[in-house]
Amino acid sequence: MGAPKVYRPSRFTVMTPHSAGGSVLYNSMRGSVFYVREPVAGRVHDLLHNRNARITADADADLVTGLAERGFLVEDGHDEDADARELRDGRVSRTDRLELILMPTEACNFRCTYCYEDFSLGRMLSGVREGVRRLVRHRRERHDLRSLSISWFGGEPLVAFDVIEELSEFFTEFAAETGIDYQAGMTTNGYLLTEDVAARCVELGVRQFQITLDGPKHAHDGSRPLMGGGSTFDDIMTNIRAMAAGDLDFRALLRTNFSPANVGSVPELVAELGDIAARDERFAVIFRPVGRWGGPQDEDIEACSGREAELAKLDLNMQAHGHALAGGDLRTLRPGGSVCYAANPWSFLIRPNGVIGKCTVALRDAKNMVGRLTPEGELKLNDDLMRLWTDNDDAHDEGCRSCFFRPSCQGAHCPLIRIQDGVRPCPPQKVWIGPNLQTYTDLQRTPAGASHG
Amino acid sequence: MAERRLTLDTDARVMAWIGPGGVPKVADLDETPPRVHEADGPEGARSVVPGGTAGEFLVVGDGTVVPLRWTAGGVGSGDAIPLPDGAREVGAAGGLIAACTGDALLTYDGRWRERAALPAEPVCMAWQHRRRSLLVLTRDGSFTRFADEAQAARDDAWADPATAVYDEVLGALWLAHPGGDARTLMVRVEPWPPRTIYQAGLGAGVRGLTVAQNGEWLAVRYGGDRPIELYNVSGRRLFRPPPTAGSAGNSGNAASGVAFTYDNRLVTVTEDDRVSFARLPARVDVRTAPAGGEAAANEFFEHGGDLDIETFWEGQMYKASKPRRRPSPAAAGGSR
């Protein structure tokens, strides 16, 4: 019989008390969230609270083994920092994956009050569309492309649905021909996502949709009107109902932007959505605080921020759970789950004129114009600008390297914040980890559809 | 001089028009400055419309239509295609040519085929790119839509407009003065069936409308001596057009014609065929100054309010280009 294993608490573990008693454990290298009742919680606390403790299974074998199996304890001598480095380096060095965020147009049929875009470019030029096709072919030929992810963005992408159809036909045929993995999704306001359009999208492999509703009709129509005015809520809900009633294979993330002005009415929307999509695994909901994102009405909007915003978001998640609507946020606690796409060297935003960006927010920031796609499919990139986005993370930030959340965000939650403000971009789910863990625990412990008080 | 009708290709990057003597002219607007190329056209060339793909146009003459194709090497003309008798509206429909007569919608794929009967004279025919369908408004207030099959909808309130134009962004037709009254309507045609969404305060006497590629602007041509004005759709206000580079003064000269490029420039062609530009603000969020609503917008304009558009938008565009940190975009993942 060998010497007993010696463990120590993982530096990526946090433990937070639950308001109803017991504690919640989270490990960011595993992405595991685990609730422990009293009196076990007290014993776990005794084991984990001292980061320098050396622990053997002699005294509390089952507990120690269980904690080790879930990653809350690691073997003494194990280099967890090396694991984190490997996680980050593995992400950054991938050459087999290409993620394109395509803007088939920057035009939009809505004029949301908080929108930061200026809609300056029309439909994607034909030369740019040809460049996209050639880029994908080149990536396969030169870099052994195995995974292609397409995100349609805008403007409102469905305004240029013909561009989406044209390129998606190519992507599906190319994927079938080469055997690469192809996934596609769309961020849409949902107004033009009629039953026939949704079916055509799914047929073309565009199966993931993010659709925004800012509350029930009166609230939504106030913040997300048609350009020039006009209600949009009823048409979007008609489209969502049609999708829910059919048997199409898709995933729809229903997003609600909340502010002090509308947060009180969001539960009304949640109930309405519950009537349509309860227990339908194709649908999930997320809630996001409205920020001052740079739009022309920034001075006038009521933004939400800080702990108040995070708590409101978590409460809305519980409300949704009460109506048997799945939440779409848990992935942010997983390893790499809080890394921004802009930090990935294989992710590119392609604007209708061929200008390449990294971030979908700072469209007019010169630092976000990192290159140009030629009609021949060549990415003419400025390496210095690219590094601002892709090599500006935990590898160069001592604070991030010592953080419990490092595997999840890798110091790359928002490169834009590092670039524009020179500060560390900590994600809100890390800053408010306690309320987040308690909420996710409650979501797991409460039956879906149980009313939320 | 008659008004120039400027036409852009499907990319909204190459422009064509009929010059003096009925000569088709083409210019690549991404060139600095754009060179104007002459092309061969049909006898009596009177108008030019977009073709089915980038760089292509259709020049309409007396009883025939001639395809033009612009490439970096210049402009080439195709064989003349005879138009059906009584053809009024001609345009591209994807890879086909479409035309309306007084009572039918037809497409050409080597021969003309009737696709739908029309209940009255056509006012406007449009190709809906994103739905790959043809849309025709007829004088009796009927919409006829043809993709694989024809659909129709009618409302007396849409009958007999002074002019109409299709806007791909809103999926709507703008109808000026239907039934001869003062209103300009925005009639949504997508999702089908059509319905009126709102009215726009363009004032009386509208004779022609041109829609910007992003739907943000309407160039409004009026009868009489009133110069062209720009209506901002989201701000619901009229503006005097800015001067275009190379033009002597206001670009709103009715004889100059206007068009909007894919990158939101206002283009004019002078009487001597010089092309000039003005970069437009992409997003005007004028927000009901001074008092709100369409009436206020008109009042502002008609009383001589003169917003310094350049100064106003320099400020706005700067804001739009500089997101703020708190609350961070990261916290919310952007505005969608």
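Preceding this paragraph is the structure being described.
This section reports on the structure supplied with the text.

Parameters at a glance
Numbers given for residues are sequential positions, taken from 1 along each chain in its written order. Chains and ligands are labelled sequentially in the order written, the chains with letters from A and the ligands with numbers from 1. Local features in a predicted model are, by the rule used here, given only for residues with pLDDT of at least 70; side-chain atom pairs are given and counted only at 80 or more, and totals for whole chains, interfaces and linings are based on all residues. Strands are runs of DSSP state E lasting at least 2 residues, helices are runs of H or I lasting at least 4, and numbering of each runs from the N terminus. Once C-beta atoms are placed from the backbone, each residue is buried if 20 or more other C-beta atoms lie within 10 Å of its own, exposed if 12 or fewer, and partly exposed for counts between those two. Placing C-beta atoms from the backbone, we regard two residues as in contact once those atoms come within 7 Å. A strand pair is defined by DSSP finding two or more bridges across the two strands. Angles here are taken between N-to-C directions and fall from 0 to 180 degrees, while the axes themselves are lines fitted to C-alpha atoms, restricted in helices to the stretch in contact. Structurally, a nonpolar core is described as a collection of buried Ala, Val, Leu, Ile, Met, Phe, Trp, Tyr and Cys residues joined by way of C-beta atoms within 7 Å. Expected span, for any helix, means 1.5 Å times one less than how many residues it has. The directions from the helix axis to the C-beta atoms are what the arc is built from.

### Some details on the overall build of chain B
Secondary structure assignment for chain B yields three helices and 28 strands. A burial count over chain B gives 49% of its 336 residues as buried. Considering only residue pairs separated by 6 or more positions, chain B has 41% of its internal contacts joining residues 24 or more positions apart.

### Considerations on the sheet that holds strand 15 (residues 133-138) of chain B
Residues and elements named next belong to chain B. Strand order in the open sheet formed by four strands is 14-15-16-17, with antiparallel pairing between adjacent strands. Edge strands, defined here as strands with exactly one partner in the open sheet, are strand 14 (122-128) and strand 17 (150-154). Going across the sheet, the axis of each strand differs from the next one's by a mean of 15°, ignoring polarity. Two strands pair when backbone bridges link them, and strand 14 and strand 15 are joined in this way by six bridges, in the antiparallel orientation.

### Concerning the nonpolar core
Ranked by internal contacts, the top residues of the largest apolar core, which has 181 residues, are Ile350 of chain A together with Met15 and Leu58 of chain B. If sequence neighbours within four positions are ignored, Met15 of chain B has contacts with Leu6, Thr7, Leu8, Ala27, Leu29, Ala259 and Val267 of chain B. One finds Met15, Leu48, Val64 and Tyr440 of chain A within the second-largest nonpolar core, a separate group that totals 20 residues.

### Concerning helix 3 (residues 80-92) of chain A
Residue and element names in this part refer to chain A. Between its first and last C-alpha atoms helix 3 spans 19 Å; for 13 residues at 1.5 Å apiece the expected length is 18 Å, and the two agree. Among the residues of helix 3, those classed as buried are Ala84, Arg88 and Arg91. Seen from one end, helix 3 has its buried residues packed into an arc of 65°, which puts them on one side. With respect to the buried face of helix 3, the exposed residues turned more than 90 degrees away are Ala82, Glu86, Asp89 and Gly90. Along its buried surface, helix 3 packs onto helix 13 (406-409).

### Remarks on the sheet that holds strand 3 (residues 23-27) of chain A
Residue and element names in this part refer to chain A. Strand order in the open sheet formed by three strands is 2-3-4, with antiparallel pairing between adjacent strands. Every interior strand has two partners, whereas the edge strands, strand 2 (13-17) and strand 4 (32-36), have only one. Here the strands of the sheet are splayed against their neighbours by 20° on average, with no regard to which way each runs. Here strand 2 pairs with strand 3 via five bridges, running antiparallel. Its bridge partner being in strand 3, Pro17 is matched across the sheet by Ser23.

### A closer look at unusual backbone geometry
The amide bond that connects Gly154 of chain A to the next residue, Gly155 of chain A, takes the cis arrangement and shows omega of 15°. For the bond from Glu190 of chain B to Pro191 of chain B, the omega torsion is -5°, close enough to zero to count as cis. Summarising the element assignment, Pro191 of chain B is placed in the loop between strand 20 (184-188) and strand 21 (195-200). Even without being a glycine, Asp144 of chain A presents a positive backbone phi close to 55°. Take Asp144 of chain A: it is sitting in the loop between helix 4 (126-143) and strand 8 (147-152). Note on Asp144 of chain A: 10 C-beta atoms within 10 Å, which makes it exposed. For Ala324 of chain A, which is not glycine, the phi torsion reads 60° and is therefore positive. Along the chain, Ala324 of chain A falls in the loop between helix 10 (306-322) and strand 13 (326-327).

### Here's the deal with the environment of Leu363 of chain A
Residues and elements named next belong to chain A. Among the secondary structure elements, Leu363 is positioned in the loop between strand 15 (355-357) and strand 16 (371-373). Looking at Leu363, the number of C-beta atoms within 10 Å reads 23, which means it is buried. C-alpha of Leu363 to C-alpha of Arg351: the two residues are twelve residues apart in sequence and 9.2 Å apart in space. With residues near it in sequence (within four places) discarded, Leu363 still touches Glu117, Gly357 and Asn368.

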